[in-house]
Amino acid sequence: MKRILITLLGLAAFLSAGAQKRAVELENASWKIAFDSTGIRKAIDKTDQFGADIIGQMNSLGNLTITYKVQDGIWLTVPTDRRSMVQDGNVITYTDRTIGDVLSVKQIFALCDDGLKWDIQIVNNSRFPILVGDLAIGVPWNRYVENDETDEVFQKVFTKHAFVSGDASFFYFTRIGGEGPFPVLLPDAGTPLEYFEAKQRAYLAYIRSGKSGNAQTQGTWRQEHSYGHLSPAGVDGCRLDYGFKLTSADSYKGIRDVLYNNGSIDTKVAPGMTLPRGQKASFALRTKCQIDSVTCEFPASTRLARRSVKGDTQIWDVEFDRLGENKVTVWFDGGRKTYLDFFSCLSPETLIAKRSAFLAEKQQWRNTGKWYDGLYSVYDMVTGELRGPDNPDFYDE
């Protein structure tokens, strides 16, 4: 027993030493990035006066969720427990392989002048076509500090902001204290985001979501769920390439400039994207790319027109007669697209009158036998009943 314990301790020490050897730190004038065998464990913008790590403890950047099937087979998942890691100067490459090497996935991280490039390559090594049902990246950010009663809460804890909308998608992160710089993660051309899932400790942004998205029965997701197609090995189309860039901006205007300078679209909308029926809205599209066209979802009940073009900025006007969701699609750069999701509602006067009537008719207790007679409470839309002190359901938790 003693000999077995010594052997196990020796093995643990060996594995620990191996894990330490796999820890790598890359640094340039702008960023300091720490890697281990799982991915990026720390990313610090060197212009940040607080030295905040955007990734956070227990998180890593480089977690991919990939489901696929070979020909008409069953859905399978690409494992990550056999991931290899190779360093070549300022470039770190991770490789995941399926059993039998049917599919290989490479992630290549390389420092650049203003941040970090992240390329993803998926290669079919088999003689059969492969359908990629899901391809999602995990988006981590630092949400906690060890002592939440210190100034570190305001300096090193971030909130994620996401715009998941095709080829103009992006993420940016703000700290509680509101000070910059602001980390920005944005996809390369040819890497559209079409779906997301927010879980307790994970946020998944999908490049392909055909399997998971089409299986979702709740809600009314407005973007198409697509699949990735891989031809057999050695044939054109046997590889899929995607990419992202992690950078930062010193202000909110700087975030817009990051989008513009990296081939995306800087969009402004006024007065907003929820509008009374017949209220005109204007939106400005600033981009280095060619705007091919702007189309509306319901042409018969939408008035859409370009008002002006000045340099790299186009201004459009839009009005909706159809109540509810109204999608405007911006086509740009020879086939890329993004969406502006407007919502058309009744006039404020009508909404206030309807809401007031509902409060009076549905949300006030009128029972002289109850001590809370006259109380305004919560109307349960699921069960169709007015909740109160005697039947609060989960509202008392």
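Cut-offs used in this document
- Residues numbered from 1 in each chain as written.
- Predicted model: local features only at pLDDT ≥ 70, side-chain atom pairs only at ≥ 80, totals over all residues.
- Heavy atoms only, no water.
- Buried < 20%, exposed > 50% of the residue type's maximum accessible area, 1.4 Å probe, protein only.
- Helix = DSSP H or I, 4+ residues; strand = E, 2+ residues; numbered from the N terminus.
- Contact = heavy atoms within 4.5 Å.
- 1 Å grid on protein atoms, 1.4 Å probe; cavity = no way out; pocket = protein on both sides within 12 Å on 5 of 7 lines; lining within 4 Å.
- Points joined across faces, edges and corners; volume = space filled by probe spheres on them.
- Nonpolar A, V, L, I, M, F, W, Y, C, P; charged D, E, K, R; others polar.
- Pairing = 2+ DSSP bridges.

Draft legend 1. Quick look at helix α4 (residues 252-261). Residues of α4 that are buried include every one of Gly254, Ile255, Val258, Leu259 and Tyr260, and no others. Structurally, α4 contributes buried residues whose contacts are with β12 (170-175), β13 (182-187), β17 (239-249) and β20 (281-286). Gly263 lies just past α4 and shows a positive phi near 80°.

Draft legend 2. Quick peek at empty space enclosed by the protein. Summed over all chains, the structure comprises three cavities of 30 Å³ or more. As a volume, the largest cavity reaches approximately 60 Å³. Lining the largest cavity we find Ile54, Ile55, Leu61, Val139, Pro140, Phe173, Leu185 and Leu246. When the residues that make up the lining of the largest cavity are grouped by side-chain class, the tally is eight nonpolar, no polar and no charged. Put simply, the second largest cavity is a space of about 50 Å³. Forming the walls of the second largest cavity are Trp31, Ala43, Ile44, Asp45, Asp48, Ala52, Ile54, Phe158, Arg175, Pro181 and Pro183. Among the elements that make up the lining of the second largest cavity, the one with the highest residue count is strand β3 (residues 39-45) (three residues). For the lining of the second largest cavity, the residue count by class is eight nonpolar, no polar and three charged.

Draft legend 3. Structural detail: the pairing of β12. Most of β12 is tucked away, with six of its six residues classed as buried. In β12, alternate side chains face the same way, and those of Phe170, Tyr172 and Thr174 on one face and Phe171, Phe173 and Arg175 on the other are all buried. Here six bridges tie strand β11 (residues 158-163) to β12, and the two strands are oriented antiparallel to one another. From the neighbouring strand, Phe158 faces β12, where its bridge partner is Arg175. Taken together, β11 and the strand that follows it, β12, pair antiparallel across an intervening segment of six residues, in which Gly166 is found at a positive phi of about 65°.

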